[in-house]
Amino acid sequence: ALVTLRQLLDHAAEHDYGVPAFNINNMEQGLAVLEAASSVDAPVIIQASRGARSYANDIMLAKMIEALIAMYPDIPIVMHQDHGNSEATCASAIRFGFSSVMMDGSLKADGKTPADYQYNVDVTRRVVDLAHWVGASVEGELGVLGSLETGEGEKEDGHGAEGKLSHDQLLTDPAQAEDFVARTKVDALAIAMGTSHGAYKFSRKPDGAILAMNVIEQIHQRLPNTHLVMHGSSSVPQDLQDAFNAAGGEMPQTWGVPVEEIQRGIKFGVRKINIDTDCRIAMTAAIRATLGKNKGEFDPRKYLKPAQEAMVKVCRQRYEEFGTAGQA
Ligand code: G3H
Ligand code: 13P
Ligand code: NA
Ligand code: ZN
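Residues numbered from 1 in each chain as written. Chains lettered and ligands numbered in written order. Predicted model: local features only at pLDDT ≥ 70, side-chain atom pairs only at ≥ 80, totals over all residues. Heavy atoms only, no water.

Chemist: Quick question: what am I supposed to make of the overall build of the chain here?
Modeler: Along the chain, the regular secondary structure elements total 13 helices and eight strands. Its C-alpha atoms give the chain a radius of gyration of 19 Å, near enough to 20 Å, the size a compact globule of 328 residues would have. Based on the C-alpha atoms only, the size of the chain along its principal axes is roughly 60 × 45 × 35 Å. Burial status across the chain gives 56% buried among its 328 residues. Considering only contacts in the chain between residues 6 or more positions apart, those separated by 24 or more positions represent 75%. Entry remark: accessible area of the chain is about 13500 Å², with carbon and sulfur atoms responsible for 53%. If the 31 positive side-chain charges of the chain are averaged to one point and the 43 negative ones to another, these points end up 3 Å apart. (Helix = DSSP H or I, 4+ residues; strand = E, 2+ residues; numbered from the N terminus. Rg over C-alpha atoms; globule rule 2.2 N^0.38 Å. Buried < 20%, exposed > 50% of the residue type's maximum accessible area, 1.4 Å probe, protein only. Contact = heavy atoms within 4.5 Å. Areas by Shrake-Rupley, 256 points an atom, 1.4 Å probe, with all protein chains shown as cover. Lys, Arg positive; Asp, Glu negative; His and termini not counted. Charge placed at Lys NZ, Arg CZ, Asp CG, Glu CD.)

Chemist: Please explain the coordination of the sodium ion (ligand 3) as it appears in this structure.
Modeler: In an ideal octahedron of six donors the angles at the metal are 90 or 180 degrees, and in an ideal tetrahedron of four donors they are 109.5 degrees. At 2.6 to 3.1 Å from the sodium ion (ligand 3) lie its protein donor atoms, namely His80 (NE2), Asp82 (OD), Glu139 (OE) and Lys272 (NZ). The metal-metal distance between the sodium ion (ligand 3) and the zinc ion (ligand 4) is 5.5 Å. Placement of the pair is glutamate 139 in strand E5 (residues 137-142) and lysine 272 in strand E8 (residues 270-275), with a sequence separation of 133 residues. (Donors = N, O, S within 2.8 Å, 3.2 Å for Na, K, Ca; no water.)

Chemist: How should I be thinking about the environment of aspartate 299 in this particular structure?
Modeler: Locating aspartate 299 in the fold gives a position in the loop between helix H12 (277-293) and helix H13 (300-321). Residues aspartate 299 and serine 196 lie 103 residues apart in sequence; the distance between their C-alpha atoms is 36 Å. One polar contact links the side chain of aspartate 299 to the main-chain amide nitrogen of arginine 301, over a distance of 2.9 Å. (Polar contact = N/O pair within 3.5 Å; in protein donor to acceptor, adjacent residues only side chain to side chain.)

Chemist: In this structure, what is going on with the packing of helix H8 (residues 174-184) against helix H9 (residues 213-222)? I would like to understand it.
Modeler: In helix packing, the relevant descriptors are the interaxial angle and the interaxial distance, both defined with respect to the helix axes. Where H8 contacts H9, the two axes come as close as 9 Å, and the packing angle between them is 45°. In terms of axis orientation, H8 runs oblique to H9. Note that H8 runs across H9; the crossing there is right-handed. Along its contact with H8, which presents Pro174, Ala175, Ala177 and Glu178, the element H9 presents Gln218, Ile219 and Arg222. By residue class, the composition of the contact of H8 with H9 is four nonpolar, one polar and two charged. (Axes fitted to C-alpha atoms, helices over the stretch in contact; angles between N-to-C directions. Parallel < 35°, antiparallel > 145°, perpendicular 65-115°, else oblique. Left-handed = near helix turned anticlockwise from the far one by under 90°. Nonpolar A, V, L, I, M, F, W, Y, C, P; charged D, E, K, R; others polar.)

Put into structure tokens, the structure is as follows:
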């Protein structure tokens, strides 16, 4: 059944678990998430970025979610807009049946320019008003994702803040977080503590200097009842990098967010953990491996099925690691 983010995260808080939020763009990814969830009895957050919505088409996405709900009637499913950039994006998501939206007012509507605090409060508050009128949930974001190692915003995939950011911008201020939640009434708050989107988060295994999990603890102390969200939370595990490269891919050595750090976050109020990159790498490694072995193959099902299975494995693993398994 379709549920709101608020409903699911309230349950997660009550029972001390986290929920991975997986990005989808197509049928195989949607099927993978639900196949994994139903195999371990986990509730689901599926999210679609603006890019996903234009790739798949809103009608196609909405009908796909309807299909997944019908196929898995016992699994609670949140359909969430990832990184909404404006009131219009959030409103149209709700109109297409999303039960939750992210208004990312940490950036201006162009999705690149860091916004000032007042802009973020105002636009987020307006989205909360409209979403709550119609029974949808809202995730806000305070602080800009980017690297504490280099001070840079996001680069390689062309979305997120551009250019150099100050240390202040890259770490959510706990006192400001308290004020932000009080003013906006968001259902969940995404925070910045050194993660970034994509595969290239850290040039070494992260420690407290480049992944500031202590910021989460400080925010949780001030906001014990607020559901926290970690973006950029793919772990980019070594075995996926190795599988990708063994199949002919070329991915330079990189580090993601270690699962044990996420598990620590879950002890301090992190309830939603955004994961896209791990699924992308797993699927593409499987496609490369399949096509590398069978150079004459041209039936898309022959490589999309293994890709889907590789994503199922990643999703099932996170459901188990975050304590989501058994909570549906
Ligand atoms: O926000 C980042 C997610 O990985 C979605 O990425 O905008 O390429 O669909 P996307
Ligand atoms: P990753 O790129 O680490 O998977 O993060 C995804 C994300 O934060 C989507 O909003
Ligand atoms: Na999100
Ligand atoms: Zn994100």
